[in-house]
Amino acid sequence: MKAKILFSLFLLCTSVASWADSYDLTKLQPMYDDAVGYGYDIVDAPAAKGCNPFFFSVKVPDGNYRVTVVLGSRKRAAETTVRAESRRLMVEKCVTRKGRTETFSFMVHKRTPDIAGGGKVRIKPGEVGSMTWDDKLTLEFNGAAPAVQTITVEADTTATTLFLCGNSTVVDQGREPWASWGQMFPRWFDSTVCVANFGESGLTASSFMAQNRLDKVLSMMKKGDYVFCEFGHNDEKEKGPGTGAWYHYTVALKKFVDRVREKGGNIIFCTPTQRRFFESNGTLRNTHGDFPAAMRAVAQREQVPLIDLNASTKTLFETMGSEGSKHLLVHYPMGSFPWQQKAFADNTHFNPFGAYEVAKLVVMGLKNLSSPLVAHLLPSWQDFSPSSPDDWQSFYWPQSPLYDGKKPDGN
């Protein structure tokens, strides 16, 4: 009887581990089905000649996964951009000649609302069914002519995880034309680092904790991992007794510090990014009141490393000017997209170019802190200054097939 039980357990483990096998995309693959556990997803399978964007999903438990993709085609030239889950940038514009391939490995964090040991994250209605919180790991292959040879997915428990906690300026925005720095951040790290973006639109530091999101982070965090904390945009709109920069907000930040350190994690503060409101003299108006100063004060008192995005995005906005800075944000006239039903003039939420630039500011913040994470930057990283931004006209971002004209929660 004991031998039969052990053999059954062996078969069960073999079955569970089968998801880590390589998937040969040069051969016909099924559309995703929960029972099968892998396949093309979200949109139609790629055409036989394969030049349209497509998604591929693999059903896996919560955790970090090392994904290795072989890009290119034996039959044609290709250009492939790889994103994971809700448009997290992993591989930026890989160009391959006919018959050539390139191999990339990167880390992807996958999760559901269930918390180990009991409880659930109280996700918002708009998050239900999203790729951020479902039971599968999804990859998006985009670009002018995407081509994929193989995909390999393997569970990983050794990578250093960077948990991002914040609001709509941090979250993995799932649909065009919205974007946030958190989903561009993974692009710059090697496969020993995994970025786990727990940000969500409309949240304050307090509501993030009240919805059990920090509980979920801590349940998945191991000693030596990092927690990045950027709040302020929504905290400043809280009303009632005890609210404000110097009480409710600072108390919540202190709770973040204590709980992360109690679990052996490293915490990093990021002051809130600027909104695009220019004074008549061409300088940016401070719309955050005392909140950036309050975060700086907590950081100094608790000896928390701080990345001053409030200051660096001020320089970025002012360098680009009142009109030029629109190219960082969701500012698009009617007719910019075929699905558009109204003009966009959002002064808070970034578009992909703006998110990409702010992600670079976060990386530079780590360099200024002499963070150990700098050792894990890819060789392709080049230092960046907000007073010398990239050319928005040269920025390349192949549009995802998924789009939404609704503004994210928060402002």
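Residues numbered from 1 in each chain as written. Predicted model: local features only at pLDDT ≥ 70, side-chain atom pairs only at ≥ 80, totals over all residues. Heavy atoms only, no water.

Draft legend 1. View of the sheet that holds strand β10 (residues 160–166). Strand order across the open sheet formed by five strands is β11-β10-β12-β13-β14, with parallel pairing between neighbours. Of all strands in the sheet, those with a lone pairing partner are β11 (193–197) and β14 (306–307), marking the two edges. As defined by bridge partners, β10 adjoins strand β12 (residues 226–230) across five bridges and the pair is classed as parallel. Following the sheet pairing, L162 is matched in β12 by Y226. (Pairing = 2+ DSSP bridges. Helix = DSSP H or I, 4+ residues; strand = E, 2+ residues; numbered from the N terminus.)

Draft legend 2. Molecular detail of the environment of P46. In this fold, P46 is placed in the loop between β2 (38–41) and β3 (54–59). For P46, a relative accessible area of 22% translates into the label partly exposed. Linking P46 and A147, residues 101 residues apart in sequence, is a C-alpha distance of 9.6 Å. Those residues in contact with P46, other than ones at most four positions away along the chain, are Y40, N52 and F54. (Buried < 20%, exposed > 50% of the residue type's maximum accessible area, 1.4 Å probe, protein only. Contact = heavy atoms within 4.5 Å.)

Draft legend 3. Examining unusual backbone geometry more closely. In this chain, E176 is followed by P177 through a cis amide linkage whose omega measures 0 degrees. Within the secondary structure, P177 sits in the loop between β10 and α2 (181–184). The backbone of I42 shows a phi angle near 70 degrees, a positive value even though the residue is not glycine. Relative to the helices and strands, I42 resides in the loop between β2 and β3.

Draft legend 4. Structural view of the packing of aromatic side chains. Within the structure shown, the criterion is met by 23 aromatic pairs. Each ring, one from F185 and one from F189, has its centre 5.0 Å from the other, and the planes form 75 degrees; the classification is edge-to-face. In this structure, F185 and F189 share a single accessibility class: buried. Each ring, one from F208 and one from F231, has its centre 5.6 Å from the other, and the planes form 70 degrees; the classification is edge-to-face. (Phe/Tyr/Trp six-rings, centres within 6.5 Å; stacked < 30°, edge-to-face > 60°.)

Draft legend 5. Geometry of the side chain of S191. Summarising the element assignment, S191 is placed in the loop between α2 and β11. Overall, the relative accessible area of 18% leaves S191 in the buried class. Within the local environment of S191, its side chain forms a polar contact with the side chain of R66, the two groups lying 2.9 Å apart. Here S191 is in contact with R66, S105, F106 and M107, once residues within four sequence places are set aside. (Polar contact = N/O pair within 3.5 Å; in protein donor to acceptor, adjacent residues only side chain to side chain.)

Draft legend 6. Region of interest: the sheet that holds strand β1 (residues 22–24). With respect to topology, four strands assemble into an open sheet ordered β1-β9-β4-β7, the strand pairing being antiparallel. The outermost strands of the open sheet, each flanked by one partner alone, are β1 and β7 (101–110). The sheet shows a mean angle of 15 degrees between the axes of neighbouring strands, direction not considered. Relative to strand β9 (residues 148–156), strand β4 (residues 63–72) is paired through eight bridges, and the arrangement is antiparallel. By the bridge assignment, Y65 is partnered in β9 with A155. (Axes fitted to C-alpha atoms, helices over the stretch in contact; angles between N-to-C directions.)

Draft legend 7. Local environment of the nonpolar core. In this structure, L162, W181, F185, F189 and F228 are the most contacted members of the largest nonpolar core, which totals 42 residues. Every element with two or more residues in this core is listed here: β10, α2, β11, β12, β13 (266–270), α7 (309–324) and α8 (352–368). Among the elements that take part in this core, α8 stands out by supplying ten residues, more than any other. Not counting chain neighbours up to four residues away, the residues in contact with F189 comprise L162, V195, L366, L373, H376, L377 and L378. Core analysis: the second largest hydrophobic core is formed by 33 residues, L218, C229, F269 and A294 among them. (Core = buried A, V, L, I, M, F, W, Y, C linked by side-chain atoms within 4.5 Å.)

Draft legend 8. How the structure looks around the pattern of salt bridges. Enumeration over the complete set of coordinates arrives at 25 salt bridges. One salt bridge in this structure joins R87 and E176, with 3.0 Å as the shortest N-O distance. Pair noted here: R87 is in the loop between β5 (78–84) and β6 (88–96) and E176 is in the loop between β10 and α2, with a separation of 89 residues, a long-range link. Given the relative accessible area of 1%, R87 is considered buried. Between E318 and K314 there is a salt bridge, with its nearest N and O atoms 2.7 Å apart. With E318 and K314 both in helix α7 and four residues apart, this pair spans about one turn of that helix. Judged by relative accessible area, which is 27%, E318 ranks as partly exposed. (Salt bridge = Lys/Arg side-chain N within 4 Å of Asp/Glu carboxyl O.)

Draft legend 9. Looking closely at the side chain of T250. Mapped onto the elements of the fold, T250 is located in helix α5 (residues 245–262). Owing to a relative accessible area of 11%, T250 belongs among the buried residues under this scheme. Once you skip the residues sitting within four places of it in the chain, T250 turns out to touch A245, A294 and V298.

Draft legend 10. Representation of the pairing of β13. In terms of burial, β13 is largely enclosed, as four of its five residues are buried. Bridge count between β12 and β13: four bridges; the pairing is parallel. Bridged to Y226 within β13 is N266. A crossover links β12 with its parallel partner β13, the connecting element being α5, and its sense is right-handed. Two strands pair when backbone bridges link them, and β13 and β14 are joined in this way by two bridges, in the parallel orientation. Within the sheet, the bridge partner assigned to C270 lies in β14 and is I307. (Right-handed = clockwise from strand over helix to strand, strands pointing away.)

Worth remembering: the numbers are spatial, not functional.
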